[in-house]
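Listed here are the chains, written in short residue letters.
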Amino acid sequence: MEREFTPLEPLLPAGNLKYCLVILNQPLDKCYRHLWKKALFRACADGGANRLYDITEGHRESFLPEFINGDFDSIRPEVREYYTLKGCELISTPDQDHTDFTKCLQVLQKKIEEKGLQGKHKLHVDTGLEGNWCGLVPVGQPCNQVTTTGLKWNLTNSVLGFGTLVSTSNTYDGSGIVTVETDHPLLWTMAIKI
Amino acid sequence: MKEDFCSYFRKWTISFSLLYLLLVILSVHRPLASHKGQPRRGSHTTAHCCALFRACADGGANRLYDITEGHRESFLPEFINGDFDSIRPEVREYYTLKGCELISTPDQDHTDFTKCLQVLQKKIEEKGLQVDVIVTLGGLTGRFDQIMASVNTLYQAIHIVPMPTIIIQEESLIYLLQPGKHKLHVDTGLEGNWCGLVPVGQPCNQVTTTGLKWNLTNSVLGFGTLVSTSNTYDGSGIVTVETDHPLLWTMAIKI
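About the thresholds
Residues numbered from 1 in each chain as written. Chains lettered and ligands numbered in written order. Predicted model: local features only at pLDDT ≥ 70, side-chain atom pairs only at ≥ 80, totals over all residues. Heavy atoms only, no water. UniProt positions renumbered as here; feature names shortened; annotations may be inferred. Pairing = 2+ DSSP bridges. Helix = DSSP H or I, 4+ residues; strand = E, 2+ residues; numbered from the N terminus. Axes fitted to C-alpha atoms, helices over the stretch in contact; angles between N-to-C directions. Contact = heavy atoms within 4.5 Å. Buried area = accessible area lost by both parts, 1.4 Å probe. Salt bridge = Lys/Arg side-chain N within 4 Å of Asp/Glu carboxyl O. Polar contact = N/O pair within 3.5 Å; in protein donor to acceptor, adjacent residues only side chain to side chain. Nonpolar A, V, L, I, M, F, W, Y, C, P; charged D, E, K, R; others polar. Core = buried A, V, L, I, M, F, W, Y, C linked by side-chain atoms within 4.5 Å. Buried < 20%, exposed > 50% of the residue type's maximum accessible area, 1.4 Å probe, protein only. Phe/Tyr/Trp six-rings, centres within 6.5 Å; stacked < 30°, edge-to-face > 60°.

Labelled according to an unreviewed UniProt entry, chain B appears under the name Thiamine pyrophosphokinase 1, originating from Heterocephalus glaber. The UniProt entry for chain B carries the following comment under Subunit (unreviewed entry): "Homodimer."

If you look chain A up in an unreviewed UniProt entry, it shows as Thiamin pyrophosphokinase 1 isoform X5 from Heterocephalus glaber. What UniProt records for chain A under Sequence similarities (unreviewed entry) is the sentence "Belongs to the thiamine pyrophosphokinase family." On record in UniProt, under Pathway (unreviewed entry), the comment for chain A is "Cofactor biosynthesis; thiamine diphosphate biosynthesis; thiamine diphosphate from thiamine: step 1/1."

Let's shift gears to the sheet that holds strand β6 (residues 130-137) of chain A. Residue and element names in this part refer to chain A. Strand order in this open sheet of 3 strands is β9-β6-β11, and the pairing throughout is antiparallel. One side of each edge strand has no neighbouring strand; the edge strands of this open sheet are β9 (167-170) and β11 (187-192). Strand-to-strand twist across the sheet, computed as the mean angle between neighbouring axes with direction ignored, equals 15°. Taken together, the 2 bridges between β6 and β9 define a ladder with antiparallel strand orientation. Looking at the pairing, Leu136 lines up with Ser167 of β9.

Next up on the list: the pairing of strand β10 (residues 204-210) of chain B. Residue and element names in this part refer to chain B. For β10 and strand β11 (residues 219-221), the ladder comprises 2 bridges, and the chain directions are antiparallel. Of the residues in β11, the one forming a bridge with Val207 is Ser219. Sheet analysis places β10 next to strand β13 (residues 238-243), joined by 3 bridges and oriented antiparallel. Paired with Thr210 across the bridge in β13 is Thr240.

Of note, the phi angle at Phe72(A) is positive, near 60°, even though the residue is not glycine. You can see Phe72(A) is positioned in the loop between β3 (67-70) and α3 (77-85).

Take the sheet that holds strand β8 (residues 180-185) of chain B next. All names here are of chain B. Strand order in the open sheet made by the 4 strands is β8-β13-β10-β11, with antiparallel pairing throughout. The open sheet terminates on both sides in strands that have one partner only, identified here as β8 and β11. Strand-to-strand twist of the sheet, defined as the mean angle between neighbouring strand axes without regard to direction, takes the value 35°.

Counting residues at the interface gives 20 residues for chain B, matched by 22 residues for chain A. Note on chain B versus chain A: buried area summed over both sides is about 1700 Å², and carbon and sulfur give 61% of it. At the junction of chain B and chain A, the tally comes to 0 salt bridges. Linking chain B to chain A there are 8 residue pairs in polar contact (both at pLDDT 80 or more). For the side of chain B that touches chain A, the elements supplying multiple residues, two or more each, are α7 (144-157) and β10 of chain B. The greatest single-element share of the side of chain B that touches chain A, amounting to 9 residues, is contributed by α7(B). Here the residues of the side of chain B that touches chain A sort into 10 nonpolar, 8 polar and 2 charged.

The next point concerns the UniProt feature "domain: Thiamin pyrophosphokinase thiamin-binding" (unreviewed entry) in chain A. If you check UniProt for "domain: Thiamin pyrophosphokinase thiamin-binding" (unreviewed entry), the listed places come out as residues 119-186 of chain A in our numbering. Helix makes up 0% of residues 119-186 of chain A and strand 47%. Its end C-alpha atoms lie 10 Å apart.

Let's shift gears to the pattern of salt bridges. Residue and element names in this part refer to chain A. Applying the stated criterion across every chain, the model contains 13 salt bridges over all chains. Put simply, Glu181 and Lys18 hold a salt bridge, and the shortest N to O gap is 3.8 Å. Of this pair, Glu181 sits in strand β10 (residues 177-181) while Lys18 is found in the segment before β1 (20-23), placing the two residues 163 residues apart along the sequence. One salt bridge in this structure joins Glu66 and Arg42, with 3.4 Å as the shortest N-O distance. With Glu66 in the loop between α2 (48-55) and β3 and Arg42 in strand β2 (residues 41-45), this pair connects stretches of sequence that are 24 residues apart.

A word on the nonpolar core. If you look at the biggest cluster of nonpolar residues, it comprises 33 residues, and the most contacted ones within it are Phe162(A), Phe79(B), Val151(B) and Leu248(B). Residues within four places of Phe162(A) in sequence aside, it is in contact with Val137(A), Pro138(A), Val139(A), Met148(B), Val151(B), Asn152(B), Tyr155(B), Val200(B) and Gly201(B). The next biggest cluster of nonpolar side chains, apart from the first, holds 24 residues, and it includes Leu137(B), Ile166(B), Leu173(B) and Leu221(B).

All right, on to the UniProt feature "domain: Thiamin pyrophosphokinase thiamin-binding" (unreviewed entry) in chain B then. Taking the numbering used here, the UniProt-annotated feature "domain: Thiamin pyrophosphokinase thiamin-binding" (unreviewed entry) corresponds to residues 180-247 of chain B. Annotated as residues 180-247 of chain B, this span is 0% helix and 51% strand, and its ends, taken at the C-alpha atoms, are 10 Å apart.

Attention shifts here to the packing of aromatic side chains. Taken as a whole and assessed by the stated rule, the structure comprises 11 aromatic pairs over all chains. On the basis of an interplanar angle of 45° and a centroid distance of 5.4 Å, the ring pair of Phe162(A) and Tyr155(B) is categorised as tilted. Note that Phe162(A) is positioned in the loop between β8 (158-160) and β9 and Tyr155(B) in helix α7, a pairing that runs across two chains. Taken as a pair, Phe162(A) and Tyr155(B) share a single burial class, namely buried. Centroid distance Phe53(B) to Phe79(B): 6.0 Å. Interplanar angle 55°. Geometry classified as tilted. Of this pair, Phe53(B) sits in the loop between α3 (43-50) and β2 (54-57) while Phe79(B) sits in strand β3 (residues 79-82), placing them 26 residues apart in sequence. Note on Phe79(B): relative accessible area 0%, which makes it buried. Taken together, the ring pairs connect Tyr32(A), Trp36(A) and Phe63(A) into an aromatic cluster.

Structural data, given as structure tokens:
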């Protein structure tokens, strides 16, 4: 089967491509800002964190990676301390048979699986115990790409966020199945027939 | 309670309007009230008698109607808004008869609460009212999706009304702190024994507090990382909060 792919798609200004950003220990290109903004997930491989730390001086809080992995022989102590304090996960990957980059991809794949960043969910809502309301609440952070089926008011690549849009007082379309695709953790809530 | 209800409530508003503390103390202006959701024993009298203006969002009118049985005429809202899918026919009829304004706000993209604030702001402008704070009763218990909708309205409120909006129900109060520095006076005597800071809509990367038992210093607050709940006070009577993103303050009210 033929695989279709557009190599430069991540660099396009708009679009719905779901990608993870990995930063390695080399001077960062100017495009990092644009790539950072639209990424699902961002990681630094060891000294890549130094590069990120230096280039984001003045607004570091807006550029916090989800994790930094490595044997930590490159990351500077103050950089490591900063990102630890800010809640980034520091994952030690001491294996000397693989580069920090390779190990970064391994950690990334685990995270993608754990967090269901593929993010597709299928909920069966035909037990007979469902009440007449449901909702999708982006508690903790906005979700930039939410798509649903099976609801009375569906979403298509929509943004959910407090202050923007929160799906409440929604209900079902009668099909008995709700699908939700999301790029960030999203709280599903529903009524139970008491 | 020996002191009269009005002065008790003034103390409440002083404690929550700290950005505007001087205005509240020096002025004779009193807060606005809007009713929604479930009734609160006793405090409705307080809020009602001190309010400049009172409104009900749709089914909030049912709650008001039921709890004020026997003296309904003393508790007539200036208006009731909504798509009117919750207000009971006899309730709607009663308030219409009594001269309350019924304002249809059918827009399904916003909750009755949000739309109530929009109408309220228009009224404030029309009547040239000086308002320090909007006090909302209800919205914090019951259906989880509607509780979340209430929180969302606080996020939207900053674009609708220029003054702070607080929500009170049973023993809880919530108030959304905008990015920046805040000073909260928590010495009215009505404070309960818990409080918290909840980064509902997005993580806050730099939060610093004083006056709490467990303070934060340039800390990250975020769901999955750290949420400050079951916190309490250090006894100083003042809490300061500095945040880089909107952060929900919540506290206990002594019932």
